[in-house]
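Residues per chain are reported as follows:
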Amino acid sequence: MKRKMDKYLKVFESYLNQLSDGERDEVMNFYSEYLQDGGFTNYDDIVTELGTPKQLARKVLADYSIRILDDPDTGSTRSKTQQSKTQVRTIWLIGLAILSTPVTIPMALVAFAVMAAVLITLAAVLFAIVVTIIAVFIGGLTAFFVGFGVLGASMGTGLTYIGGGLTIIGLFVLLIPLIVWIIRGIIRGALAFSRWLYSKLARKNKAEERRAHK
């Protein structure tokens, strides 16, 4: 019977490759001790208690990713770009964790459909803004070079084109931080919603509750 427990743990460990060696060892030691202490040797009993290896692994990965985001020491050493990447990864892991729980799938699909609709709308608006800004930038760049081309024929016209082109290019440079801020705001909003959804839909088993209080 112990072979069935070992089989479960081996498959479970294979899904934890995103964790560091230390984190993976910590998780494996905890669940190995938990199953041994509880006398869980039958594979079906383990699945009933913890879920399938993939389901349990997805919840563990989501919890670790959330923990990393909430760790002030880790957060202070990451750049804003790294933070955004970690947030996007956490959203993805939370989504997998929620959808891996059969009981919550109908509710999760509805909630994620709403979130997806909002994100798609925001992305479409953002895309339109970016395309417009790029088009204006190209127009400014074109005006700048055209200005140099007509300087010989008309100094006033050439300077007007050059000045207008430089103004547009300057505005483009100033708008870049705004676009980045909007994108990061969308990511933060999606993360907050995902975490709220996860807290409402992902039920913790007894082992996870014990780990949370350790």
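Thresholds, definitions, all that
Throughout, a residue's number is its position along its own chain's written sequence, starting from 1. Residues qualify for local features only when their pLDDT is at least 70, as the model is predicted, and side-chain atom pairs are given and counted only at 80 or more; totals for whole chains, interfaces and linings, by contrast, use all residues. Each side-chain value is derived from all of the structure's non-hydrogen atoms; neither hydrogens nor water enter the calculation. Helix and strand definitions here come from DSSP, where helices need a minimum of 4 consecutive H or I residues and strands a minimum of 2 consecutive E residues; each element is numbered from the N-terminal end. Working definition: with a 1.4 Å probe on protein chains only, accessible area under 20% of the residue-type maximum means buried, over 50% means exposed, and in between means partly exposed. Here, residues are in contact when the closest pair of their heavy atoms is within 4.5 Å. For accessible areas, the Shrake-Rupley method is used with a probe of radius 1.4 Å. Any residue's cover is judged against the shown protein chains and nothing else. By definition, a salt bridge exists where a carboxyl oxygen of Asp or Glu is found within 4 Å of a side-chain nitrogen of Lys or Arg. A residue counts toward a patch only above 30% relative accessible area and without a salt bridge, and it is joined to like-charged neighbours within 9 Å or, for Val, Leu, Ile, Met, Phe, Trp and Tyr, to nonpolar neighbours within 5 Å. Geometry of aromatic contacts follows a simple scheme: Phe, Tyr and Trp rings, the Trp one being its six-membered ring, pair when their centres are within 6.5 Å, and the pair is stacked under 30 degrees between planes, edge-to-face over 60, tilted otherwise. Lysine NZ or arginine CZ positioned within 6 Å of the ring centre and within 35 degrees of the ring normal marks a charge as sitting over the ring.

(A) Structural view of the overall build of the protein. Check the secondary structure of the protein and you find 9 helices and 0 strands. Traced from its N-terminal end to its C-terminal end, the protein shows the element sequence α-α-α-α-α-α-α-α-α. Relative to its full complement of 214 residues, the protein shows a buried share of 35%. Long-range pairs, those at least 24 residues apart, make up 71% of the contacts in the protein between residues at least 6 apart in sequence. Accessible area for the protein stands at about 12,900 Å²; split by element, carbon and sulfur atoms hold 66% of it.

(B) Structural detail: the pattern of salt bridges. This model, assessed by the stated rule, comprises 2 salt bridges. Across the pair Asp 70 and Arg 195 runs a salt bridge, and its minimum N-O distance is 2.8 Å. In this pair, Asp 70 sits in helix 4 (residues 53-70) while Arg 195 sits in helix 8 (residues 155-201), placing the two residues 125 residues apart along the sequence. For Asp 70, a relative accessible area of 44% corresponds to the partly exposed category. Given a relative accessible area of 29%, Arg 195 falls into the partly exposed group.

(C) Region of interest: a nonpolar patch on the surface. Taken together, the side chains of Val 110, Val 114, Val 118 and Leu 122 present a nonpolar region at the surface, about 330 Å² in accessible area. Considering the arrangement of structural elements, one finds Val 110 in helix 7 (residues 105-150). When its relative accessible area of 55% is taken as the criterion, Val 110 is described as exposed.

(D) Spatial organisation of the packing of aromatic side chains. Summed over the entire model, instances satisfying the criterion amount to 9 aromatic pairs. Ring centres of Phe 12 and Tyr 31 lie 5.5 Å apart, and the angle between their planes is 75°; on these two criteria the pair is classed as edge-to-face. Taken as a pair, Phe 12 in helix 1 (residues 2-14) and Tyr 31 in helix 2 (residues 21-38) lie far apart in primary sequence, 19 residues in all. Of the two residues, Phe 12 and Tyr 31, both sit in the buried class. Following the ring pairs from residue to residue traces out a cluster consisting of Phe 12, Phe 30, Tyr 31, Tyr 34 and Phe 40. Above the face of the Tyr 43 ring, Lys 7 is positioned so that its terminal group lies 5.6 Å from the ring centre.

No statement about biological role is implied by the geometric values presented.
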